[in-house]
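The chain contents come next:
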Amino acid sequence: MGTGLDNPARLALYGRLDQMHSAPLWAVMSQLVTPEPRPRCIPHRWDYAHMRGLLLEAGELITAKEAERRVLVLENPGIRGASQITQSLYAGLQLIMPGEVAPSHRHAAAALRLIIEGSGGYTAVNGERIPMTAGDFIITPSWTFHDHGNLGDDPVVWLDGLDVPIVNLFDASFAESDSSGETQRIERAAGDAHARYGSGMLPLEYVPEGVSSPVFHYPYARVLEALRQIERARTTDACHGVKLQYANPATGGYPMPTMAAWMQLLPAGFDGRPFRSTDATVYCVREGEGVSIVGDTRIEWRQGDVFVATSWSTTSHRSRGDSVLFSFSDRPAQKALGLWREQRLE
Ligand code: GTQ
């Protein structure tokens, strides 16, 4: 479409519009309202072995307390400097060394965590101390106080996912440190919420007031057991293998209003059909190794690696041995706004 930049009369008008903080739509229309998503983000993988070395180096140079959160931000190469792994999501790798504490704070941004390694870690969320075991999924909904610690002998590393870019899109960011101290007083037993949901009944203090799950901890052992059970009972999905979605047990809905998360089992030799969806997706390899094709990019992955698939790019997964992939995206936010689309391709 011609923009009229070659036409002196139009150009003169554009100059006068510019002085009035105004611009002709017809010059930008095709960039603004695109027929399909045109992400600036690109598909990319962060090699865990390499990132782990850098993270441990950071561990020698700054304490968790001094840093507040000792995290290496995973920056999408297509939008460097934005602290974003996709247009709507933040991701980082966080390290807590034995004996360290990351002080209690809260913020409007919601966070999710997938524990990558270590066993002595914990996160306290609103007075509940949650033990961290590799593979566990933990949420800290918007405005819940959270502090992290490591009572074990080994480094603890996890993947953080936050909806910071969404919060900042709305200019709705708030944050504060916990005036009651660095470490929360523990007011609920770990697993208490789980035990109560197991009965199918809700004590009133566990009836969710807000929009997020009252259960903050989803232990890996149970997820793996469920994946194996479903694998035995059913045929696997041609695109996704055996895939389970983390749910708010009180509603069956998403754990948090902006982010969804999944764990999927790709059986040995799985050769998935291609699909695409409008939610750019961050994957973390829990177990195994394989290859994913995202658009024109071939991503070879192994345990601990984090990789990102961009919006509406054709994606397919292949697994060598049995593999387990964790993933998260902004799907609930897109669905709430009536924007989410998915396509399975032949
Ligand atoms: O653990 O509270 O990766 O506040 C970024 C911001 C983690 C956290 C991040 C945070 C946290």
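Scroll up for the structure.
Residues numbered from 1 in each chain as written. Predicted model: local features only at pLDDT ≥ 70, side-chain atom pairs only at ≥ 80, totals over all residues. Heavy atoms only, no water.

Visitor: Residue-level account of the sheet that holds strand E8 (residues 137–140), with values.
Guide: Here we have six strands laid out as an open sheet, ordered E2-E3-E10-E5-E8-E12, and antiparallel in their pairing. Strands at the two margins of the open sheet, each flanked by one partner only, are strand E2 (71–73) and strand E12 (217–218). Looking at chain direction, E8 and E12 are connected through two bridges and run antiparallel. In the strand pairing of E12, Phe137 is matched with Tyr218. Here helix H3 (residues 48–61) sits on the sheet and contacts E2, strand E3 (90–96), strand E5 (111–117) and strand E10 (156–162); the angle it forms with E3, its principal contact strand, is near 55°. (Pairing = 2+ DSSP bridges. Helix = DSSP H or I, 4+ residues; strand = E, 2+ residues; numbered from the N terminus. Contact = heavy atoms within 4.5 Å. Axes fitted to C-alpha atoms, helices over the stretch in contact; angles between N-to-C directions.)

Visitor: Let's hear about the sheet that holds strand E14 (residues 260–266): which residues, and what values?
Guide: Strand order in the open sheet made by the six strands is E1-E19-E16-E21-E14-E13, with antiparallel pairing throughout. At either margin of the open sheet sits one strand with a lone partner, and together these are strand E1 (44–46) and strand E13 (242–245). Put simply, the sheet's adjacent strands are angled 20° from each other on average, direction ignored. As paired elements, E1 and strand E19 (residues 306–309) share three bridges and run antiparallel to each other. Of the residues in E19, the one forming a bridge with His44 is Val308.

Visitor: Can you lay out the site of the ligand for me, pointing to particular residues and giving the numbers?
Guide: Taken together, the neighbourhood of the ligand is formed by Arg69, Val71, Tyr90, Gln94, His105, His107, Arg113, His146, His148, Asp160 and Leu162. A distance of 2.8 Å is found between an oxygen atom of the ligand and a side-chain nitrogen or oxygen belonging to Arg69. Interatomic distance of 2.8 Å between a side-chain N/O atom of Asp160 and an oxygen atom of the ligand. For the ligand, whose accessible area on its own is 290 Å², the fraction buried by protein is 88%. Per-class residue counts for the shell around the ligand are three nonpolar, five polar and three charged. (Near = heavy atom within 4 Å. Polar contact = N/O pair within 3.5 Å; in protein donor to acceptor, adjacent residues only side chain to side chain. Areas by Shrake-Rupley, 256 points an atom, 1.4 Å probe, with all protein chains shown as cover. Nonpolar A, V, L, I, M, F, W, Y, C, P; charged D, E, K, R; others polar.)

Visitor: Tell me about helix H7 (residues 220–233), and please be specific about residues and values.
Guide: The terminal C-alpha atoms of H7 lie 20 Å apart, and with 14 residues this matches the ideal 20 Å at 1.5 Å per residue to within 8%. Residues of H7 that are buried in the fold lie against E12, E13, E14, strand E16 (281–287) and strand E21 (323–329). (Expected span 1.5 Å × (residues − 1).)

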